[in-house]
Number of protein chains: 2
Amino acid sequence: MPERRSSRKDAIRSREAVLAAADALFARRESPEDVTMADVAAAAGVGKGTLFRAFGDRAGLLRALYEARLEPIRQAVETGPQPLGPATPPRERVPALLDALLCFKLDNRRLALALEEGGGGSPYRAEHYERWHTLLRSVLEQIPGLPDSAFTAHALLAATRADLVEHLVGEVRVPRDRVRAQLASFVTGVLASGRLHGSPAGEVAEKKPSS
Amino acid sequence: MPERRSSRKDAIRSREAVLAAADALFARRESPEDVTMADVAAAAGVGKGTLFRAFGDRAGLLRALYEARLEPIRQAVETGPQPLGPATPPRERVPALLDALLCFKLDNRRLALALEEGGGGSPYRAEHYERWHTLLRSVLEQIPGLPDSAFTAHALLAATRADLVEHLVGEVRVPRDRVRAQLASFVTGVLASGRLHGSPAGEVAEKKPSS
DNA sequence: TTGAAAAACGGACCCGGGGTCCGTATCGTC
DNA sequence: GACGATACGGACCCCGGGTCCGTTTTTCAA
């Protein structure tokens, strides 16, 4: 599987060595922030210069790792069978998407954590977030009765934030399947609410904040 | 209002100078991470040593600022009148609480952002989060039909995350009241879903993740 | 095959920011 | 006013991300 065209083969080997080493390191170490770039370089048997030339900066490395790991799910979502694929009816697809995302973060806790917090500024500017949000939004839009699909998409995605997942699984020690069930239940609730009212909300109580 | 007992008055003056300076800086500067400790010290007319003795570390300063700002809301929630106070019926209090929190983050975007991301590890270990979560959880518990109040509380709080708020208001330029309305609507939906089923969810589709 | 230009390598180096240390200044008490 | 206790401040240390450049490897044309 030839990857980078017009790249020297030693460059490609380095790149892959780094990817593998970083993956291993993030999986092994407790906290993402004590995986240093020098560590990664050393573990990959490569100089720091090489590492930074290949990925630009720390965020670049994280992104590359993340995308690589996410690829199968992306495929399944874009062109796969039910319940992730495009042919799935919205009410079924939304929970499936969120469950898939949750599972991904459960399986790649440290990595997701590293990307979302250290990833150079807001996670909301990352294009992988953009992708999930756009997708989820458009699927939600096909469900009648939901108030604001853009915001709802944000809110649902927020329920799968890496640090929340880490907190639940790593600190509170909630078992994996329990978290999945809770999220599923929450999503169900949100979707079900659409059944009740045509277009709720609108006015909100008067409020005079301190500032 | 005498604050710290058994502290020398110059210490108190320094402490307050720092608090004020930091507050101003975080409000003025675009991104929280380009407010440096040295900046704060300089702006307060104080040495770095003083600053660190007073607050321990960066996270400590952020926490102190945050708590100070949050104090009025805390009061209103613990011993205040409706709709924030304890006498409010749950179905009404939950949206009020979340709206108050949202407003707070809208009014203190940079600060909340700084605390949540740079605040030394997971925001979920911070005791102010703990407080909100415990409170929200207990109020949710009084509403029959909601699946798992602990998780629901997390999920609702996640919808007010500082970086999401910042994204919506600062990037997408959604007007303040719109965001409030959207959140309100979302919360309404979540609460309403309890009306439908006694104890939903439970089983979740089989899934074999990559790892 | 070869030789030279292009591309990649690697680690010494730089820089900026969080946090510490300790000699000096201030406070508070007797 | 003198002395112990406390706070001050900024020079200093450390560590991690990112850069630079002399050296090595690859590639390709002659």
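Because the structure is predicted, anything quoted here is derived from the model rather than measured.

(A) Molecular detail of the overall build of chain A. Along its length, chain A carries 10 helices and zero strands. In sequence order, the secondary structure elements of chain A are arranged as α-α-α-α-α-α-α-α-α-α. Expressed as a percentage of the 211 residues in chain A, the buried residues total 50%. For chain A, the share of sequence-separated contacts (at least 6 apart) that also reach a separation of at least 24 residues comes to 64%. Counting only carbon and sulfur atoms, one obtains 52% of the accessible surface of chain A, whose full area is about 10,200 Å².

(B) Here's a closer look at the pattern of salt bridges. Per the counting criterion, the structure on display carries 30 salt bridges over all chains. In this structure, Asp10(A) and Arg8(A) form a salt bridge, with 2.8 Å as the shortest nitrogen-oxygen distance. Among the residues examined, Asp10(A) registers a relative accessible area of 33% and is labelled partly exposed. Between Asp163(B) and Arg161(A) there is a salt bridge, with the nearest N and O atoms lying 2.8 Å from each other. One end of the pair, Asp163(B), is in helix H9 (residues 162–171); the other, Arg161(A), is in the loop between helix H8 (149–158) and helix H9 (162–171), on a second chain. With respect to class, Asp163(B) is no different from Arg161(A); both count as buried.

(C) Layout of the side chain of Arg161(B). Its relative accessible area of 6% is what places Arg161(B) among the buried residues. Within the local environment of Arg161(B), its side chain forms a polar contact with the side chain of Asp163(A), the two groups lying 2.8 Å apart. If near-sequence neighbours (up to four positions away) are discounted, Arg161(B) is found in contact with Arg161(A), Asp163(A), Lys105(B), Glu116(B), Pro123(B) and Tyr124(B).

(D) Looking closely at the protein's contact with DNA strand C. Lining the immediate surroundings of DNA strand C are 20 residues, of which Arg8(A), Ser14(A), Arg53(A), Thr36(B) and Lys48(B) lie closest. Counting only atoms of DNA strand C within 4 Å of the protein, the fraction found in sugar and phosphate groups is 61%. The contact in question runs from a base nitrogen of DNA strand C to an N or O atom on the backbone of Lys48(A), over 3.5 Å. Lys48(B) places a polar side-chain atom, nitrogen or oxygen, 2.3 Å from a base oxygen of DNA strand C. Broken down by secondary-structure element, the contributors of at least two residues to the surface near DNA strand C are helix H1 (9–28) and helix H3 (48–55) of chain A together with helix H1 (9–28) and helix H3 (48–55) of chain B. At four residues, H3(A) tops the list of elements feeding residues into the surface near DNA strand C. Of the residues in the surface near DNA strand C, the class split is four nonpolar, six polar and 10 charged.

(E) Just the UniProt feature "DNA-binding region" (unreviewed entry) in chain A, in detail. Within this structure's numbering, the places UniProt gives as "DNA-binding region" (unreviewed entry) are residues 36–55 of chain A. Within residues 36–55 of chain A, the helical portion is 80% and the strand portion 0%, while the C-alpha atoms at the span's ends are 14 Å from each other.

(F) Representation of empty space enclosed by the protein within the structure. Scanning the entire structure with this criterion turns up five cavities of 30 Å³ or more. In this model, the largest cavity occupies a volume close to 160 Å³. The wall of the largest cavity is formed by 17 residues, among which Arg161(A), Glu116(B), Glu117(B), Arg161(B) and Asp163(B) lie closest to the centre. Counting only elements with at least two residues in the lining of the largest cavity, the list comes to helix H6 (109–118) of chain A together with helix H6 (109–118) and H9 of chain B. In terms of residue class, the lining of the largest cavity is made up of five nonpolar, four polar and eight charged.

(G) Region of the structure containing the protein's contact with DNA strand D. Within the structure, DNA strand D sits among 20 residues, and Thr36(A), Lys48(A), Arg8(B), Ser14(B) and Arg53(B) are positioned closest to it. Across the atoms of DNA strand D situated within 4 Å of the protein, the share located in sugar and phosphate is 61%. Here Asp10(B) contributes a backbone N or O atom positioned 3.2 Å from a phosphate oxygen of DNA strand D. Within the side chain of Ser14(B), a nitrogen or oxygen atom sits 2.4 Å from a phosphate oxygen of DNA strand D. For the surface near DNA strand D, the element with the most residues is H3(B), which contributes four residues.

(H) Quick peek at a negative patch on the surface. Residues and elements named next belong to chain A. Taken together, the side chains of Glu30, Glu33, Asp34 and Glu117 make up a negatively charged region of the molecular surface. For Glu30, the location among the structural elements is in the loop between H1 and helix H2 (37–44). On the basis of relative accessibility, which here comes to 61%, the residue Glu30 falls in the exposed class.

(I) Spotlight on the packing of aromatic side chains. With the rule as written, the count across this model stands at seven aromatic pairs over all chains. Measuring from ring centre to ring centre gives 5.3 Å for Tyr66(A) and Phe104(A), while their planes differ by 90°; the resulting arrangement is edge-to-face. Placement of the pair is Tyr66(A) in helix H4 (residues 58–79) and Phe104(A) in helix H5 (residues 90–107), with a sequence separation of 38 residues. Judged by its relative accessible area of 3%, Phe104(A) is buried. Ring plane angle 75° and centroid distance 4.6 Å describe the contact between Tyr124(A) and Tyr129(A), whose orientation is recorded as edge-to-face. Three or more aromatic residues joined by ring pairs form one cluster here, namely Phe151(A), Phe186(A), Phe151(B) and Phe186(B).

(J) Broad picture of the packing of H6(B) against H9(B). Residue and element names in this part refer to chain B. Interaxial distance between H6 and H9 falls to 8 Å at its minimum, and their mutual angle equals 145°. Regarding H6 and H9, the two cross each other, and that crossing is left-handed. Residue-level contacts link Arg109, Ala112, Leu113 and Glu116 of H6 to Ala162, Asp163, Glu166, Val169 and Gly170 of H9. Across the contact of H6 with H9, the residue classes break down as four nonpolar, one polar and four charged.

Thresholds applied
Residues numbered from 1 in each chain as written. Chains lettered and ligands numbered in written order. Predicted model: local features only at pLDDT ≥ 70, side-chain atom pairs only at ≥ 80, totals over all residues. Heavy atoms only, no water. Helix = DSSP H or I, 4+ residues; strand = E, 2+ residues; numbered from the N terminus. Buried < 20%, exposed > 50% of the residue type's maximum accessible area, 1.4 Å probe, protein only. Contact = heavy atoms within 4.5 Å. Areas by Shrake-Rupley, 256 points an atom, 1.4 Å probe, with all protein chains shown as cover. Salt bridge = Lys/Arg side-chain N within 4 Å of Asp/Glu carboxyl O. Polar contact = N/O pair within 3.5 Å; in protein donor to acceptor, adjacent residues only side chain to side chain. Near = heavy atom within 4 Å. Nonpolar A, V, L, I, M, F, W, Y, C, P; charged D, E, K, R; others polar. UniProt positions renumbered as here; feature names shortened; annotations may be inferred. 1 Å grid on protein atoms, 1.4 Å probe; cavity = no way out; pocket = protein on both sides within 12 Å on 5 of 7 lines; lining within 4 Å. Points joined across faces, edges and corners; volume = space filled by probe spheres on them. Patch = residues over 30% accessible without salt bridge, like charges linked within 9 Å, V, L, I, M, F, W, Y side chains within 5 Å. Lys, Arg positive; Asp, Glu negative; His and termini not counted. Charge placed at Lys NZ, Arg CZ, Asp CG, Glu CD. Phe/Tyr/Trp six-rings, centres within 6.5 Å; stacked < 30°, edge-to-face > 60°. Axes fitted to C-alpha atoms, helices over the stretch in contact; angles between N-to-C directions. Left-handed = near helix turned anticlockwise from the far one by under 90°.

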